[in-house]
Amino acid sequence: MKIIKVMAALIVLPVGLGGCATVINGTSQDMQVASEPSGAAVSFTGGVECKAPCELSLKRKDDYRADFVIDGYKSEYVYVQSRTGGAAAGNILLGGLIGGVVDASNGASNSLFPRPLHVRLAASGSTDEAVLLGKEGEIVSTVAAHNDKVREDVEGSLMKRGLMTSTTQSAETATVEEAAVSEETEQPSDAVAEEAEVESDGSQPE
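Regarding the overall build of the chain
Inference 1: Within the chain one finds six helices and ten strands.
Inference 2: Within the chain, buried positions represent 32% of all 206 residues.
Inference 3: Across the chain, the fraction of contacts at a sequence separation of at least 24, relative to all contacts at a separation of at least 6, is 63%.
Inference 4: Accessible surface, the chain: about 12800 Å² in total, of which carbon and sulfur atoms supply 57%.

As for the sheet that holds strand 2 (residues 41-44)
Inference 1: Read across the open sheet, the five strands follow the order 3-2-5-6-7; overall the sheet is antiparallel. Sheet topology places strand 3 (49-51) and strand 7 (110-113) at the edges, where each strand pairs with a single neighbour. Taken over all neighbouring pairs, the strand axes of this sheet differ in orientation by 20° on average, direction set aside.
Inference 2: As judged from the four bridges shared by strand 6 (residues 76-84) and strand 7, these two strands associate in the antiparallel manner. In the strand pairing of strand 7, Arg83 is matched with Ser111.
Inference 3: The strands touched by helix 4 (residues 143-160) within the sheet are strand 5 (64-69), strand 6 and strand 7, with strand 6 carrying the most contacts at an inclination of about 65°.

Things to note about the state of the cysteines
Each disulfide consists of one covalent bond between the sulfur atoms belonging to two cysteines.
Inference 1: Scanning all chains against the criterion turns up one disulfide.
Inference 2: Between Cys50 and Cys54 runs a disulfide, and the two sulfur atoms are separated by 2.0 Å.
Inference 3: You can call Cys50 buried: its relative accessible area is 16%.

Comments concerning the nonpolar core
Inference 1: In terms of nonpolar packing, the biggest core is built from 23 residues, with Val33, Val42, Phe44, Phe68, Leu117 and Val119 touching the most fellow members.
Inference 2: Listed by contribution, the elements that provide at least two residues to this core are strand 1 (28-36), strand 2, strand 4 (54-59), strand 5, strand 6 and strand 8 (117-120).
Inference 3: When neighbours within four sequence positions are excluded, Val33 is seen to be in contact with Val42, Phe44, Ala52, Pro53, Cys54, Leu56, Phe68 and Leu117.
Inference 4: Tyr77, Tyr79, Val154 and Met164 belong to the second-largest nonpolar core, a separate cluster that totals six residues.

Looking at the pairing of strand 2
Sheet faces and side chains relate simply in a regular strand, where the side chains alternate between the two faces.
Inference 1: Residues Val42 and Phe44 point to one face of strand 2 and are all buried, whereas Ala41 and Ser43, pointing to the other face, are not buried.
Inference 2: Linking strand 2 back to strand 3 in an antiparallel pair, the connection comprises four residues, with Gly46 at a positive phi of about 105°.

Comments concerning the sheet that holds strand 4
Inference 1: Overall, mixed pairing links the five strands, which are arranged 4-1-8-9-10 in an open sheet. With partners counted over all chains shown, the strands left at the sheet margins are strand 4 and strand 10 (139-142), one partner each. Between one strand and the next, the sheet's axes are offset by a mean angle of 30°, whatever the strand orientation.
Inference 2: As paired strands, strand 9 (residues 131-133) and strand 10 are joined by three bridges and run antiparallel to one another. Each residue of the ladder has a partner; that of Val131, found in strand 10, is Thr142.
Inference 3: Each of strand 8, strand 9 and strand 10 touches helix 4; the most contacted strand, strand 10, lies at about 70° to it.

Regarding the confidence of the model for the chain
Inference 1: Across the chain, the average pLDDT comes to 76, with 58% of residues at or above 70.
Inference 2: Counted against residues more than four places away or in other chains, residues 5-19, with its pLDDT under 50, gives eleven contacts.
Inference 3: Segment residues 87-93 is flagged for pLDDT under 50; beyond a separation of four residues in sequence, or across chains, it makes eight contacts in the model.

Describing the packing of aromatic side chains
Inference 1: This structure, assessed with the given rule, holds two aromatic pairs.
Inference 2: Seen from their ring centres, Phe44 and Tyr64 are 6.2 Å apart, and the 85° between their planes marks the pair as edge-to-face. Separated by 20 residues along the polypeptide, Phe44 in strand 2 and Tyr64 in strand 5 bring together distant segments of the chain.
Inference 3: Owing to a relative accessible area of 5%, Tyr64 belongs among the buried residues under this scheme.
Inference 4: Across the ring face of Tyr77, the terminal group of Arg65 is positioned such that the distance to the ring centre comes to 4.0 Å.

Here is what the cut-offs are and how they apply
Residues numbered from 1 in each chain as written. Predicted model: local features only at pLDDT ≥ 70, side-chain atom pairs only at ≥ 80, totals over all residues. Heavy atoms only, no water. Helix = DSSP H or I, 4+ residues; strand = E, 2+ residues; numbered from the N terminus. Buried < 20%, exposed > 50% of the residue type's maximum accessible area, 1.4 Å probe, protein only. Contact = heavy atoms within 4.5 Å. Areas by Shrake-Rupley, 256 points an atom, 1.4 Å probe, with all protein chains shown as cover. Pairing = 2+ DSSP bridges. Axes fitted to C-alpha atoms, helices over the stretch in contact; angles between N-to-C directions. Disulfide = S-S within 2.5 Å. Core = buried A, V, L, I, M, F, W, Y, C linked by side-chain atoms within 4.5 Å. pLDDT = per-residue confidence, 0-100. Phe/Tyr/Trp six-rings, centres within 6.5 Å; stacked < 30°, edge-to-face > 60°. Lys NZ or Arg CZ within 6 Å of the ring centre and 35° of its normal.

Quick look at the structure:
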């Protein structure tokens with residue numbers, strides 16, 4: 001009887017060591033990438049590149065920055081975040097504590113977001129914003145709103161991996177702030193507008 005129990009333990013052990021999610025999901029995930037208009041050159045941190053539409057295999061545990069470039073449209077980047085899946089607790093129950101640790105370390109229980117990575121770009125010179133599209137082509141959010149939501153986590157991860165420096169981060173933040181200031185400057189307040197109108201009429205207060 002003891003021999004049977006030992007043999008059963010040896011059979012189950014590799015599953016526990018391997019991790020449930022590692023066996024089922026693997027450590028990489030397919031990412032569908034698309035752009036509107038089609039044909040944008042897309043480059044991910046780490047050196048992965050493709051021309052949209054395309055499909056790539058990316059590591060589940062890593063965060064990414066994807067840059068979209070095409071003539072006639074504003075260049076745009078999207079932060080792709082690695083998120084812990086809800087199956088993590090189940091993996092520990094099925095695969096054991098060791099399996100849960102393995103899944104956590106190699107990111108097998110994680111999923112990349114947004115997925116698919118579908119971006120509608122804004123034409124150069126327009127005031128439109130780039131937006132993220134869902135599986136059915138519906139607008140999920142603006143790219144700017146998505147990036148702001150995940151920025152701290154993704155940029156921290158990229159800096160740890162040496163794929164982004166604090167200088168790059170500061171420069172991008174400054175660019176965003178300058179754009180906001182420029183927009184405010186271009187829209188004068190009502191008081192300033194009224195004063196300009198009085199001066200143009202040449203009238204003087206009595």
